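Descriptive analysis of the structure
Each chain is listed here by its residues.
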Amino acid sequence: MNKEINIAEELILNPSQFTIIAGPCAVESYEQMECIAKFLKRLGIKYLRGGVFKPRTDPKSFQGLGVEGLEILRAVKKIYKFKIVSEIMDPRDIDLAYDCVDIYQVGSRNMQNYSLLKEMGKTDKPILLKRGMSATIEEWIKASEYIALEGNENIILCERGIRTFETYTRNTLDLMSIPILKSKTNYPIFVDPSHGTGRRELVLPATKAALVLGASGIIVEIHPKPEQALSDGAQSLNFAQFENLVRELNLLKNSIYEKE
Ligand code: PEP
Ligand code: MN
């Protein structure tokens, strides 16, 4: 396996680094991505997310820029040297995105799309496998085995909340999956506090809890103007809120790891 891109392994070896993957829900334009890239670069963030194939509930809502979105990611990556995280929904798009995407995301709706998982298992890139919104932890682990059995064990498990009777939050973030998965797998565990709550005011507390519980990092949605975002604006942080999150996380990280 190509060591250079064995990000999953790198994350296990450095649990105290608490990696932040940040970016918009969807790639909307070059200008939007350049603005976000400049901002994240200044803060030392190395992983940029941005969906180009969007799994939307309503077929009439914005579906992502597709191939044009990949072009934008390519251009931004070339200048700013981010590792790019982006969702693939169709196995035919794996090759299309190969030169640009460093970590393939499998979204919640596709956690049990076994044909897709098997194809992901044949690639040599890390796979960020989100939890299905109605999946048990056991089902989630089994889904990861579909990828691993094809030869790719470079897997990151990402808790993103599950459906419950509670409607105040978009999903119920099942934070107990972190210690449970840590006892059952060797994969790094990430948390998505954006989809996990659906509310930007809950992103910071959810992130702090994820760190304390031993997660390896977060994937978080940000936008220069969340109120104008084409998708998931209500859960996206603006730049000031994201900077505050980074500051608070560093304080918490120091209190946990440096005084041991
Ligand atoms: C996303 O990351 O924008 C997304 C659609 O996530 P999920 O699959 O967790 O809903
Ligand atoms: Mn989203």
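To be clear, the structure that these remarks concern was listed above.
Predicted, not measured: the structure shown is a model, and the values here were computed from it.

The rules behind the values
- Residues numbered from 1 in each chain as written.
- Chains lettered and ligands numbered in written order.
- Predicted model: local features only at pLDDT ≥ 70, side-chain atom pairs only at ≥ 80, totals over all residues.
- Heavy atoms only, no water.
- Phe/Tyr/Trp six-rings, centres within 6.5 Å; stacked < 30°, edge-to-face > 60°.
- Helix = DSSP H or I, 4+ residues; strand = E, 2+ residues; numbered from the N terminus.
- Buried < 20%, exposed > 50% of the residue type's maximum accessible area, 1.4 Å probe, protein only.
- Lys NZ or Arg CZ within 6 Å of the ring centre and 35° of its normal.
- Near = heavy atom within 4 Å.
- Areas by Shrake-Rupley, 256 points an atom, 1.4 Å probe, with all protein chains shown as cover.
- Nonpolar A, V, L, I, M, F, W, Y, C, P; charged D, E, K, R; others polar.
- Core = buried A, V, L, I, M, F, W, Y, C linked by side-chain atoms within 4.5 Å.
- Contact = heavy atoms within 4.5 Å.
- Pairing = 2+ DSSP bridges.
- Right-handed = clockwise from strand over helix to strand, strands pointing away.

Quick look at the packing of aromatic side chains now. The tally for this structure, following the rule as stated, stands at three aromatic pairs. Between Phe39 and Phe239, the ring centres sit 3.9 Å apart and the planes meet at 0°, which makes this aromatic pair stacked. One end of the pair, Phe39, is in helix H2 (residues 30-42); the other, Phe239, is in helix H10 (residues 239-258), and 200 residues separate them in sequence. The two residues Phe39 and Phe239 agree in class, both being buried. Summarising the aromatic geometry, the rings of Tyr114 and Tyr146 are spaced 4.2 Å apart at their centres and angled 20° between planes, so their arrangement reads as stacked. With Tyr114 in helix H5 (residues 114-121) and Tyr146 in helix H6 (residues 137-148), this pair connects stretches of sequence that are 32 residues apart. Under the relative-accessibility criterion, Tyr114 is labelled partly exposed at 31%. What makes Tyr146 partly exposed here is its relative accessible area of 31%. The rings of Phe39, Phe239 and Phe242 are connected pair by pair, giving a single aromatic cluster. Above the ring of Tyr168, the side-chain terminus of Arg199 is found at 3.9 Å from the ring centroid.

Around ligand 1 sit 13 residues, and of these Arg49, Lys54, Ser108, Lys130 and Arg160 come closest. When ligand 1 sits alone it has 300 Å² of accessible area, and the protein chains cover 97% of it. Looking at the shell around ligand 1, its residues break down into two nonpolar, four polar and seven charged.

Turning to unusual backbone geometry, a few remarks are in order. One non-glycine residue, Lys81, lies in positive phi territory at about 60°. Residue placement: Lys81 occurs in the loop between helix H3 (67-80) and strand E3 (83-87).

Grouped together as the largest cluster of nonpolar side chains are 66 residues, with contacts concentrated most on Ile20, Leu40, Leu129, Phe242 and Leu245. Apart from residues no more than four positions distant in its own chain, Ile20 is found in contact with Ile45, Tyr47, Ile218, Val220, Phe242, Leu245, Val246 and Leu249. If you look at the next biggest cluster of nonpolar residues, it comprises nine residues, including Val85, Ile103, Leu128 and Ile219.

This part takes up the pairing of strand E4 (residues 103-106). Burial along E4 is two-sided: the face carrying Ile103 and Gln105 and the face carrying Tyr104 and Val106 are both buried. Both E3 and E4 contribute to a ladder of three bridges, which runs parallel. Looking at E4, one finds that Glu87 is bridged to Gln105. Inspection of the sheet shows E4 paired to strand E5 (residues 127-130) by three bridges, in the parallel sense. Paired with Tyr104 across the strands is Ile127, a residue of E5. Note that the unit made of E4, H5 and E5 has a crossover that is right-handed.

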